[in-house]
Amino acid sequence: MQTITLIYGDGIGKEVIASAKAIVEASGAQVDWEVQEAGAEAAEKYGKPIDDAVLESISRNGVALKGPTATPIGKGFRSVNVEIRKRLDLYVNLRPLRSFEGVKSLYQNIDLTIVRENTEGLYIGIEKQVDEGRAEATKVITKKASDRIVKYAFDYARNMGKKKVTAIHKANIMKLTDGLFLNCAKEIAQGYPDIAFNDKIIDAACMDLALNPYSYDVMVAPNLYGDIISDLGSALVGGLGVAPGANIGENAAVFEAVHGSAPDIAGKDLANPTSAILSAAMMLKHLGMKAEGQRVEDAVAACFAAGKMTGELGGTLGCKAFTDAVIANMR
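Note that the structure is a prediction, hence the values are computed from the model and not measured.

Chemist: Looking at this structure, I do not really get the nonpolar core. What am I missing?
Modeler: Burial of nonpolar side chains together is a common tendency in soluble globular proteins. In this structure, Leu65, Leu94, Val115, Val220 and Phe304 are the most contacted members of the largest nonpolar core, which totals 83 residues. Leave out the neighbours within four places in its chain, and Leu65 touches Ile4, Thr5, Leu6, Ile7, Ile17, Ala20, Trp33, Phe255, Ala276, Ala280 and Met283. Ranked by size, the runner-up nonpolar core spans 13 residues in total, among them Ile58, Ile84, Leu88 and Leu90.

So, in structure tokens, the structure goes:
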């Protein structure tokens, strides 16, 4: 029996994670749940958005399933997601992007993966207020972090039967920081002669993703660039609502819905739980429950192919009805 830390999060998190939980249980996976609280609602109740007990739970269990958590814009507390990734050294953000039959999207037959460095770069928010009219941010890129994220991308490509890894950067301008990342990628690539390698400047990569996403297989990027292309890539296959995500380290992994908390529709049975469900399927495969994880993915795909989906994707089902439909496909 595998114990999983369960974090519902804020807003629609309670609905989408409840959906994912029910579907995991219906898959036949032998799991138990340890519920923890984090996010804006936790901050109101306890004075801080994430407690050490949450991190201890994830560390002890080695895995968590997490809903979206709200983060104040331009003020207030730091992102819960950033805090978890930094404190537990979850250095990989993994975003497989797949198009589904029946889901309206810009492209069909998409199957690409974005591997994003999670622990350094501009995204972690090292900032200071110099004076009233000036603020500064510090961008840190290290060989250690660059080496291990690129190595993960190549290992993932090899294990998943992928043919090419593309390093994303802006080394033409940021010659020291992005230059270091690119040089590390080139060095690591030499150890994987069976995997093709190339590199792409971030702005050109964004254009290519929009025009011809089939030219990419696995993309590996520093933190901020990875964040940008992950959402862009999600738009190609139907939006964040159908994109799963994981944050993975040596000793723990957090699987989470990649969209926001959408407080305006919370509690109205309008939420699309697909991102949470597919993240849970990734989690099961990560735990060695490959048959159960595949059962979940196949059941979701069958719903979409039959036109059974939530309103966000153009269907007529609410969150609960879609959950029931997925479960019915596993029986």
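Chemist: How do you make sense of helix α9 (residues 274–286) when you look at a structure like this?
Modeler: Its 13 residues give α9 an end-to-end C-alpha distance of 18 Å, which sits within 8% of 18 Å, the value for a rise of 1.5 Å per residue. In terms of burial, α9 is largely enclosed, as 11 of its 13 residues are buried. Regarding α9, the residues found buried are Thr274, Ser275, Ala276, Ile277, Leu278, Ser279, Ala280, Ala281, Met282, Met283 and Leu284. Directly after α9, the chain includes Gly288, whose backbone phi takes a positive value near 90°.

Chemist: Sorry if this is basic, but what is going on with the state of the cysteines here?
Modeler: Disulfides are covalent bonds that connect the sulfur atoms of two cysteines. In the structure shown here, the tally under the stated rule is zero disulfides. Free cysteine: Cys319, not disulfide-bonded; nearest cysteine sulfur from Cys303 at 12 Å. The class for Cys319 is buried, based on a relative accessible area of 3%.

Chemist: Mind showing me how you'd approach the packing of aromatic side chains here?
Modeler: Any aromatic ring pair is given by two values, namely how distant the centres are and how the planes are angled relative to each other. All chains considered together, the criterion is met by five aromatic pairs. Taking 5.3 Å as the distance between ring centres and 75° as the angle between the ring planes, the aromatic pair formed by Phe100 and Phe304 counts as edge-to-face. Here Phe304 lies in helix α10 (residues 290–305) and Phe100 lies in the loop between β4 (92–98) and β5 (111–117), a separation of 204 residues in the sequence. The interplanar angle of 35° and the centroid separation of 6.1 Å between the aromatic rings of Phe154 and Phe197 together place this pair among those described as tilted. Residue Phe154 is found in helix α5 (residues 143–159), and its partner Phe197 is found in strand β9 (residues 196–201); the two are separated by 43 residues along the sequence. Exposure remark for Phe197: the relative accessible area of 25% places this residue in the partly exposed category. Every member of this aromatic cluster is reached through a ring pair, and the members are Phe100, Phe304 and Phe322.

Chemist: Even after reading the chapter, I still don't get unusual backbone geometry, so can you show me in this structure?
Modeler: Backbone phi values are negative for most residues with the exception of glycine, while trans is the configuration of most peptide bonds. For Ala262, which is not a glycine, the phi torsion comes out positive at approximately 40°. Its place among the elements puts Ala262 in the loop between β12 (253–257) and α9. If you check the backbone angles, Asp269 has positive phi at about 60° while not being a glycine.

Chemist: Sorry, what's going on with helix α7 (residues 202–211) here?
Modeler: What sets the pattern is the α-helix's 3.6 residues per turn: residues three or four places apart point alike. For α7, the complete set of buried residues consists of Ile202, Ala205, Asp208 and Leu209. Projection of α7 onto a plane perpendicular to its axis shows the buried side chains occupying an angular sector of 115°, all on one side. On the buried face of α7, the contacting elements are β5, β8 (164–169), β9, β10 (218–221) and α8 (223–236).

Chemist: Looking at this structure, I do not really get the packing of helix α1 (residues 13–26) against helix α11 (residues 319–329). What am I missing?
Modeler: When two helices pack together, their arrangement is given by the angle between the helix axes and by the axis-to-axis distance. Two numbers describe how α1 lies on α11: the axes approach to 10 Å, and their chain directions differ by 15°. The angle between α1 and α11 places the two elements in the roughly parallel class. Note that α1 runs across α11; the crossing there is right-handed. Contacts from Glu15, Ser19, Ala22, Ile23 and Ala26 in α1 reach Cys319, Thr323, Val326 and Ile327 in α11.

Chemist: When you look at a nonpolar patch on the surface in this model, what are you seeing that I'm missing?
Modeler: A surface patch of nonpolar side chains, amounting to about 210 Å² of accessible area, comprises Leu122, Leu224 and Ile228. Tracing the backbone through its elements, the reader meets Ile228 in helix α8. Its relative accessible area of 40% is what places Ile228 among the partly exposed residues.

Chemist: Where do I start with the pairing of β12 in this structure?
Modeler: For a regular strand, the rule is simple: side chains alternate between the two faces of the sheet. Summarising burial for β12: five of the five residues are buried, a large majority. Burial along β12 is two-sided: the face carrying Ala253, Phe255 and Ala257 and the face carrying Val254 and Glu256 are both buried. By the bridge criterion, four bridges tie strand β3 (residues 63–66) to β12 in an arrangement that is parallel. Paired with Lys66 across the two strands is Glu256, which belongs to β12. Two elements, strand β11 (residues 244–248) and β12, share five bridges in a ladder whose sense is antiparallel. Directly across from Ile248, in β12, lies its bridge partner Ala253. Counting the residues that bridge the hairpin from β11 to β12 gives four residues.

Chemist: What exactly am I supposed to notice about the pattern of salt bridges here?
Modeler: For side chains of opposite charge, pairing can occur when their charged atoms come near one another. By the definition in use, this model includes 23 salt bridges. Here Asp89 makes a salt bridge to Arg148, at a shortest N to O gap of 2.7 Å. Taken together, the residues Asp89 in the loop between α4 (80–87) and β4 and Arg148 in helix α5 connect sequence positions 59 residues apart. Assessed through its relative accessible area of 31%, Asp89 is described here as partly exposed. Among the ionic pairs, Asp231 bridges to Arg95, the shortest N-O distance being 3.4 Å. Remark: Arg95 occurs in strand β4 and Asp231 occurs in helix α8; sequence separation between them is 136 residues. Taking the relative accessible area as the measure of exposure, Arg95 reaches 4% and is therefore buried. Overlapping salt bridges, with partners in common, bring together Glu34, Glu56 and Arg60 in one network.

The rules behind these values
Residues numbered from 1 in each chain as written. Predicted model: local features only at pLDDT ≥ 70, side-chain atom pairs only at ≥ 80, totals over all residues. Heavy atoms only, no water. Core = buried A, V, L, I, M, F, W, Y, C linked by side-chain atoms within 4.5 Å. Buried < 20%, exposed > 50% of the residue type's maximum accessible area, 1.4 Å probe, protein only. Contact = heavy atoms within 4.5 Å. Helix = DSSP H or I, 4+ residues; strand = E, 2+ residues; numbered from the N terminus. Expected span 1.5 Å × (residues − 1). Disulfide = S-S within 2.5 Å. Phe/Tyr/Trp six-rings, centres within 6.5 Å; stacked < 30°, edge-to-face > 60°. Arc of directions from axis to C-beta. Axes fitted to C-alpha atoms, helices over the stretch in contact; angles between N-to-C directions. Parallel < 35°, antiparallel > 145°, perpendicular 65-115°, else oblique. Left-handed = near helix turned anticlockwise from the far one by under 90°. Patch = residues over 30% accessible without salt bridge, like charges linked within 9 Å, V, L, I, M, F, W, Y side chains within 5 Å. Areas by Shrake-Rupley, 256 points an atom, 1.4 Å probe, with all protein chains shown as cover. Salt bridge = Lys/Arg side-chain N within 4 Å of Asp/Glu carboxyl O. Pairing = 2+ DSSP bridges.

Keep in mind that these numbers describe shape and distance, not what the molecule does.
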